[in-house]
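Understanding the architecture of this molecule
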Amino acid sequence: MTQKLAFIGMGIMGRPMAGHLLSAGYPLTVYSRTKATARPLLDQGAVWADSPKQAASQADVVFVCVTDTPDVQAVLLGPSGVIEAARPGLFAIDHSTISPSVTRSMAAKLQSHGVTLIDAPVSGGDIGAINATLSIMVGGPADAFALVRPMLERMGKTITHCGSVGSGQLTKLVNQVLGAITNLAVCEAMTLVQHAGLDSAKTIAAVASGAAGSWQLTHLAPRMLAGDFAPGFMVDLQLKDLRLAIEEAECLGLNLEALKLVTTLFKQVQSTGGGKLGTQALFKAVNPQ
């Protein structure tokens, strides 16, 4: 029997992710704060719900992809939230990037109502969401992971069970530290390219396949140099994730200096009105024109 799914959050990431589930033949109910954002999926056969509670009441598995920790708390535990439709056997999968400790707390509360929470944050940006090539980092019981893995494989290419609840979020924070600091390295390297008068395309081609190659170099460097700062992943959201990483590091008694530096530079971009730009706009802080 095909499981009935619900997807909450129709943003840059959520809508294409939900679209893959719908295209795979799963009956899908959707909810978002703005119904218009869900219209393409409704036109393809998805059913609209007026609240997370209503969405969950019609589903076996509820997917969530929203912005920050308070948003997930509201969707799962707030008035008209998923918890009001709680019943044994219901699964909730959170693709948002949020606090690991709050994830664990919500999981315990939901479990007391029979609901299993799986944290499954994603990496790969809007391109990965559109092409179903996301990396998905999963925290939760192994048996629950096995049950939902076929659904996750409709949205991602690399699916990793990282451990118990909260492990997916912690792994995503590791990912964000790596990505942000590599982004900074690319910004400084492209600043050198630009000011040294090198041919940027040839330089990127020369180094991209070697030890200095990275996703950020291949995908973001050409956009930096072209002045294309349209968002795939926004500065505001990057800063949210870096805040979570710093908080987690401090809880562990760690002082991560490069993480603090890149956070400061992203804040410079945000303070000059660049919060809605893509993360390649970090170039503006490193190489002001």
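Quick look at the structure, then. Along each chain, residues carry numbers from 1 onward, in the same order as the chain's sequence is written. Residue-level local features of this predicted model are given only where pLDDT is at least 70; pairs of side-chain atoms are given and counted only at 80 or more, and the full residue set underlies all totals for whole chains, interfaces and linings. Side-chain measures here rest on the full set of heavy atoms in the structure, leaving out hydrogens and waters.

Next up on the list: the overall build of the protein. Runs of H or I in DSSP of at least four residues are treated as helices and runs of E of at least two as strands, each being numbered from the N terminus. When you go through the protein residue by residue, the secondary structure sums to 13 helices and nine strands. For the radius of gyration, the atom set is restricted to C-alpha positions; the globular benchmark scales as 2.2 Å times the number of residues to the power 0.38. Whereas a compact globule of 289 residues would reach a radius of gyration of roughly 19 Å, the protein reaches 20 Å, a difference of no more than 12%. The principal-axis extent of the C-alpha atoms belonging to the protein is close to 60 × 45 × 35 Å. Counting all 289 residues of the protein, 50% fall into the buried class. Considering only contacts within the protein whose residues lie at least 6 apart along the sequence, 67% involve residues at least 24 apart. Split by element, the accessible area of the protein, about 12800 Å² in all, is 56% carbon and sulfur. Averaging the positions of the 21 positive and the 20 negative side-chain charges in the protein gives two centres separated by 4 Å. For each residue, the accessible area found with a 1.4 Å probe, counting protein chains only, is set against the maximum for its type, and the residue is called buried under 20%, exposed over 50%, and partly exposed in between. The contact rule is simple, with two residues in contact once any of their heavy atoms fall within 4.5 Å. Surface exposure here means Shrake-Rupley accessible area, sampled with a 1.4 Å probe, where a residue is shielded only by the protein chains that are shown. Counted as positive: Lys and Arg. Counted as negative: Asp and Glu, with His and the chain ends omitted from the count. Working definition for charges: the position is that of NZ of Lys, CZ of Arg, CG of Asp or CD of Glu.

The next subject is the pattern of salt bridges. Between Lys or Arg on one side and Asp or Glu on the other, a salt bridge is scored when a side-chain nitrogen of the former is within 4 Å of a carboxyl oxygen of the latter. Taken as a whole and judged by the stated rule, the model has eight salt bridges. For Arg149, the salt bridge goes to Glu153, with nearest N and O atoms at 2.9 Å. Residues Glu247 and Arg243 are paired through a salt bridge, measuring 3.5 Å at the closest nitrogen-oxygen approach. Taken as a pair, Glu247 and Arg243 lie in helix α11 (residues 235–251) at a separation of four residues, close to a single helical turn. Overall, Glu247 belongs to the partly exposed group, its relative accessible area being 37%. Each of Asp68, Arg243 and Glu247 takes part in salt bridges that share partners, so that together they form one network.

As a rule of thumb, soluble globular proteins bury nonpolar side chains together. In this structure, Phe7, Val30, Phe63, Leu76 and Leu152 are the most contacted members of the largest nonpolar core, which totals 59 residues. Buried residues of nine kinds, namely Ala, Val, Leu, Ile, Met, Phe, Trp, Tyr and Cys, make up a nonpolar core once their side-chain atoms join them within 4.5 Å. Of all hydrophobic cores here, the second largest spans 29 residues; its members include Leu184, Met190, Leu265 and Phe266.

Our focus in this paragraph is a nonpolar patch on the surface. Residues enter a patch when their relative accessible area is above 30% and they make no salt bridge; the linking distance is 9 Å between like charges and 5 Å between nonpolar side chains (Val, Leu, Ile, Met, Phe, Trp, Tyr). Together, Leu252, Leu254 and Leu256 line one region of the surface with nonpolar side chains, adding up to about 270 Å² of accessible area. By the secondary structure assignment, Leu252 is in the loop between α11 and α12 (257–274).

Bringing the packing of α11 against α12 into the picture now. Helix axes use the C-alpha atoms of the stretch in contact, all axes being lines fitted to C-alpha atoms, and the angles between their N-to-C directions lie in the range 0 to 180 degrees. Running from amino to carboxyl end, α11 crosses α12 at an angle of 150°, the nearest separation of the two axes being 10 Å. For the element pair α11 / α12, the angle class is roughly antiparallel. Relative to α12, the crossing made by α11 is left-handed. Judged by residue contacts, Val235, Asp236, Gln238, Leu239, Leu242, Ala245 and Ile246 of α11 engage Leu259, Val262, Thr263, Phe266, Lys267, Val269, Gln270 and Gly274 from α12. An angle below 35 degrees is read as roughly parallel, one above 145 as roughly antiparallel, one from 65 to 115 as roughly perpendicular, and any other as oblique. Definitions for this section: a left-handed crossing has its near helix turned counterclockwise from the far helix by less than a right angle. A right-handed crossing has that turn clockwise.

Our next topic: the packing of aromatic side chains. Only rings of Phe, Tyr and Trp enter the pairing, Trp through its six-membered ring, and a pair is recorded when the two centres are within 6.5 Å. The plane angle decides the type: under 30 degrees is stacked, over 60 is edge-to-face, the rest tilted. Here the structure, examined in full by the defined rule, presents two aromatic pairs. Measuring from centroid to centroid gives 5.8 Å for Phe7 and Phe63, while their planes differ by 5°, and the two rings are stacked. With a gap of 56 residues between them, Phe7 in strand β1 (residues 5–8) and Phe63 in strand β4 (residues 61–64) connect regions that are remote in the sequence. Comparing Phe7 with Phe63, the two get one shared label, buried.

Take the packing of helix α8 (residues 167–196) against helix α10 (residues 215–226) next. For the pair α8 and α10, interaxial distance at closest approach is 10 Å and the crossing angle is 45°. Taken together, the axes of α8 and α10 lie oblique to each other. Regarding α8 and α10, the two cross each other, and that crossing is right-handed. Where α8 approaches α10, its residues Gly179, Thr182, Asn183, Val186, Cys187, Met190 and Gln194 are matched on the opposing element by Gln216, Leu217, Leu220, Ala221, Met224 and Leu225. When grouped by side-chain class, the residues that make up the contact of α8 with α10 number eight nonpolar, five polar and no charged. Here the nonpolar group is Ala, Val, Leu, Ile, Met, Phe, Trp, Tyr, Cys and Pro; Asp, Glu, Lys and Arg are the charged ones; every other residue, Gly included, is treated as polar.

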